[in-house]
Amino acid sequence: MFVIIYLIAYYGVFRNWNPKYRPEASSCLISLAHGTPAFFLAIIAIANQSQSQRGFASPNTELQNIVLDYSISYFTMDLIHYLVFNPNDVLFIGHHLATLFVFVTCRYLVSHGAFAILILLGLAEVTSFCQNTWTLAGVRKNDVAAAGKLYEFLSPPFYVFYSVVRGIAGPAFVYKMGAFYLSGAADNVIPRWLVVSWLVVLVVAISVSILWVANLWVDLFKQRSGKMEKKVR
């Protein structure tokens, strides 16, 4: 499905765009096809799990496994995109490989822990629609006036939204998750080495996200300061 969406985007939706930007735009489109649906699917999969079975060490339900497969498919396709068009982007390639490691081991190796992983997936993808719209507008901001205006309009609220989710909600949940797993409460269903691997991946991913949005805030303040100085002059 994601291969088909990518090809439709590359050869159809964005066929008139500069070839330099078509791959990135196509990646955004498959991200849109994954992000918001994955957010709602994760909520549904968690809500459908009985209250007594919910927990960091609970076995995966069939619906939770389907959501994991859906995300595994997306990240595999986007990984292929980066390997083909941006092989030097080590950061994103590493991010996708690490994410796939968490999803695949949760789904196929231990079949436990999807409750926690899907909550994190929901936190990660709740900003997806805004982020991809902002990214697409940023790609065309120098070519299309409306795109430039949309990019400037979306930047502050998107940065705030992303900062709250990735800088506050995400770390708080990972801390709670880590405290449970490192207590040994799930050792009988999820090996300790795998738990530690998950936590390392999550901490690094959140740290990179915070650094990324911090740099965006710095750039925004520099731009606004530059405009203020021009007005004063």
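Residues numbered from 1 in each chain as written. Predicted model: local features only at pLDDT ≥ 70, side-chain atom pairs only at ≥ 80, totals over all residues. Heavy atoms only, no water.

Per an unreviewed UniProt entry, the chain is named TLC domain-containing protein, and its organism is Papaver somniferum. Its UniProt record, at the heading Subcellular location (unreviewed entry), says of the chain: "Membrane". (UniProt positions renumbered as here; feature names shortened; annotations may be inferred.)

### Some words on the overall build of the chain
Along the chain, the regular secondary structure elements total eight helices and zero strands. For the chain, the spread of C-alpha atoms along the principal axes amounts to about 65 × 40 × 35 Å. The 233 residues of the chain split such that 43% are buried. Considering only intrachain contacts with a sequence separation of at least 6, the fraction spanning at least 24 residues in the chain is 71%. One finds the centroid of the 17 positive side-chain charges in the chain at a distance of 9 Å from the centroid of its 11 negative side-chain charges. (Helix = DSSP H or I, 4+ residues; strand = E, 2+ residues; numbered from the N terminus. Buried < 20%, exposed > 50% of the residue type's maximum accessible area, 1.4 Å probe, protein only. Contact = heavy atoms within 4.5 Å. Lys, Arg positive; Asp, Glu negative; His and termini not counted. Charge placed at Lys NZ, Arg CZ, Asp CG, Glu CD.)

### Examining the UniProt feature "domain: TLC" (unreviewed entry) in the chain
The UniProt record marks residues 20–225 with the feature "domain: TLC" (unreviewed entry), using the residue numbering of this structure. Taken end to end, residues 20–225 has its terminal C-alpha atoms 31 Å apart, with 82% of it in helix and 0% in strand.

### Observations regarding the layout of surface pockets
One number sums up the size of the second largest pocket: a volume of about 270 Å³. In terms of lining residues, the second largest pocket is bounded by twelve residues, among which Lys141, Tyr151, Glu152, Ser155 and Gln223 are the most central. Looking at the lining of the second largest pocket, the elements with two or more residues in it are helix 7 (145–182) and helix 8 (192–232). With six residues, helix 8 is the single largest residue contributor to the lining of the second largest pocket. (1 Å grid on protein atoms, 1.4 Å probe; cavity = no way out; pocket = protein on both sides within 12 Å on 5 of 7 lines; lining within 4 Å. Points joined across faces, edges and corners; volume = space filled by probe spheres on them.)

### Considerations on the state of the cysteines
Put plainly, a disulfide is one covalent bond tying together the sulfur atoms of two cysteines. Applying the stated criterion across every chain, the model contains zero disulfides. There is no disulfide at Cys28, and the cysteine sulfur nearest it, in Cys130, is 12 Å away. (Disulfide = S-S within 2.5 Å.)

### Some thoughts on the packing of helix 5 (residues 114–125) against helix 7
Relative placement of two packed helices is described by the angle separating their axes and the distance separating the axes. At a minimum axis distance of 10 Å, the contact between helix 5 and helix 7 shows a crossing angle of 170°. The angle between helix 5 and helix 7 falls in the class roughly antiparallel. Of the residues in helix 7, those in contact with Ala116, Ile117, Ile119, Leu120, Leu123 and Ala124 of helix 5 are Val165, Arg166, Ala169, Gly170, Phe173, Val174, Met177 and Tyr181. Its residues assigned to classes, the contact of helix 5 with helix 7 comprises twelve nonpolar, one polar and one charged. (Axes fitted to C-alpha atoms, helices over the stretch in contact; angles between N-to-C directions. Parallel < 35°, antiparallel > 145°, perpendicular 65-115°, else oblique. Nonpolar A, V, L, I, M, F, W, Y, C, P; charged D, E, K, R; others polar.)

### What to know about the packing of helix 3 (residues 62–85) against helix 5
The interhelical angle for the contact between helix 3 and helix 5, taken along N-to-C directions, is 50°, at an axis separation of 11 Å. Here helix 3 lies oblique to helix 5, going by the angle between them. Crossing angle aside, the handedness with which helix 3 passes helix 5 is left-handed. Touching Gln64, Val67, Leu68, Ser71 and Phe75 of helix 3 are Ala114, Phe115, Ile117, Leu118, Leu121 and Glu125, all from helix 5. The class makeup of the residues in the contact of helix 3 with helix 5 is eight nonpolar, two polar and one charged. (Left-handed = near helix turned anticlockwise from the far one by under 90°.)

### Considerations on the side chain of Asn132
Take Asn132: it is sitting in helix 6 (residues 128–140). Apart from residues no more than four positions distant in its own chain, Asn132 is found in contact with Cys28, Ser31 and Leu32.

### A few points about the packing of aromatic side chains
Taken as a whole and judged by the stated rule, the model has 26 aromatic pairs. When the ring of Tyr74 is compared with that of Phe75, the centres are 4.9 Å apart and the planes differ by 65°; the resulting orientation is edge-to-face. In this structure, Tyr74 and Phe75 share a single accessibility class: buried. The ring of Tyr10 has Arg22 sitting right over it, with the charged end atom 4.2 Å from the ring centre. In this arrangement the basic side chain of Arg140 is found over the ring face of Trp17, its NZ or CZ atom lying 4.6 Å from the centre. (Phe/Tyr/Trp six-rings, centres within 6.5 Å; stacked < 30°, edge-to-face > 60°. Lys NZ or Arg CZ within 6 Å of the ring centre and 35° of its normal.)

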